[in-house]
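As a plain string of letters, each chain reads:
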Amino acid sequence: TTFSSINSREQNSNFSSEEREISTVTRDITWRRHIEEEREQLLAREQNALREAGDVIHRLKQIQQITDAALTHLRPESIVVELLYRICQLLVADEANVWLLEENGRFLTRHMTWPPDENAARTRMALGHGTAGRVAQSKSALLLHDVAAQETGNLFQSAPRHSAIALPLMVEDRVIGVIEVLSTQ
């Protein structure tokens with residue numbers, strides 16, 4: 001805040017001198033605007049954070065459904081199929097497979113599928129080939145947005161798949177298999 005005083009002398013038509021004093025107060029409010037803008041930005045960030053937290057809680061509840069106590073009464077084979085089903089539901093996917101590495105370490109065998117498919121079960125794939133084979137060989141997850149363009153062997157004969165995610169199943173630092181989730185979207 002600044003204070004100033006202006007003195008002025010005026011002469012009127014009667015040749016008399018009249019003095020006037022004007023006092024002014026000037027306030028710089030740019031700092032207020034800056035603080036107000038900063039407050040609005042913080043409020044917007046807080047609202048976004050709350051929305052994101054709500055989304056995360058919703059997602060965690062969905063993930064919890066995958067592993068909840070309802071699975072405990074199932075046989076081991078049924079647990080795997082139920083887990084694949086729940087993963088498909090969570091990821092809005094069409095198909096999920098569990099590939100296990102054979103003892104010779106050169107091939108993967110499709111062990112379980114969702115939806116269950118007797119013809120697809122026990123399909124073999126060489127290590128390094130196809131999505132699951134590449135994931136097993138690299139020991140790294142793989143996300144594909146255009147499966148058809150990246151797959152040379154047609155392992156997806158039932159329907160074309162557009163996206164896939166595959167994760168290595170590991171014990172310590174050794175790959176024992178791959179879980180693969182496929183979608184037509």
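Residues numbered from 1 in each chain as written. Predicted model: local features only at pLDDT ≥ 70, side-chain atom pairs only at ≥ 80, totals over all residues. Heavy atoms only, no water.

S.K.: Is there a simple way to think about unusual backbone geometry in this case?
M.R.: Note on backbone geometry: most residues besides glycine have negative phi, and most peptide bonds are trans. In this structure, the amide linkage connecting W114 to the following residue, P115, adopts the cis form with an omega of -5°. Of note, P115 is situated in the loop between β4 (107–114) and β5 (124–126). Positive phi, close to 50°, is recorded for V92, a residue that is not glycine. You can see V92 is positioned in the loop between α2 (76–91) and β3 (95–101). Judged by relative accessible area, V92 falls into the exposed class, the value being 57%. In this structure, K139 takes a positive phi of about 60° despite not being glycine. Relative to the assigned elements, K139 resides in the loop between α3 (130–138) and β6 (142–144). Take K139: its relative accessible area is 42%, and that puts it in the partly exposed class. (Helix = DSSP H or I, 4+ residues; strand = E, 2+ residues; numbered from the N terminus. Buried < 20%, exposed > 50% of the residue type's maximum accessible area, 1.4 Å probe, protein only.)

S.K.: It is not clear to me how the environment of L108 should be interpreted in this structure. Could you clarify?
M.R.: Inspection of the secondary structure puts L108 in strand β4. You can call L108 buried: its relative accessible area is 0%. Distance from L108 to T123, taken between C-alpha atoms, is 8.2 Å for residues 15 residues apart in sequence. When residues no more than four places from it in sequence are discounted, the contact partners of L108 are W99, L100, L101, T123, R124, M125, A132, G133, A136, G177 and V178. (Contact = heavy atoms within 4.5 Å.)

S.K.: Explain the confidence of the model for the chain to me, please; I cannot follow it from the model alone.
M.R.: Any segment with low pLDDT has predicted coordinates that should not be analysed in fine detail. A residue-level look at the chain finds 72% of positions with pLDDT of 70 or above and a mean pLDDT of 79. No element of the chain has a lower mean pLDDT than strand β1 (residues 2–11), which averages 52, and none a higher one than α3, which averages 93. (pLDDT = per-residue confidence, 0-100.)

S.K.: Before we go on, may I ask you to explain the sheet that holds strand β8 (residues 174–183) in this structure?
M.R.: Note on sheets: strands pair through backbone hydrogen bonds, and any given pair is parallel or antiparallel. The 6 strands are arranged β5-β4-β3-β8-β7-β6 in an open sheet whose pairing can be described as antiparallel. In the strand order of this sheet, the two ends are held by β5 and β6, each with one partner. For this sheet, the mean angle separating the axes of adjacent strands, direction not counted, is 25°. Pairing of β3 with β4 involves 6 bridges; the strand directions are antiparallel. Counterpart to L101 in the pairing with β4 is L108. Its contacts with the sheet place α2 against β3, β4, β7 (163–171) and β8, and it is angled at close to 75° to β4. Here α3 sits on the sheet in contact with β3, β4, β5, β6, β7 and β8, set at roughly 145° to β8. (Pairing = 2+ DSSP bridges. Axes fitted to C-alpha atoms, helices over the stretch in contact; angles between N-to-C directions.)

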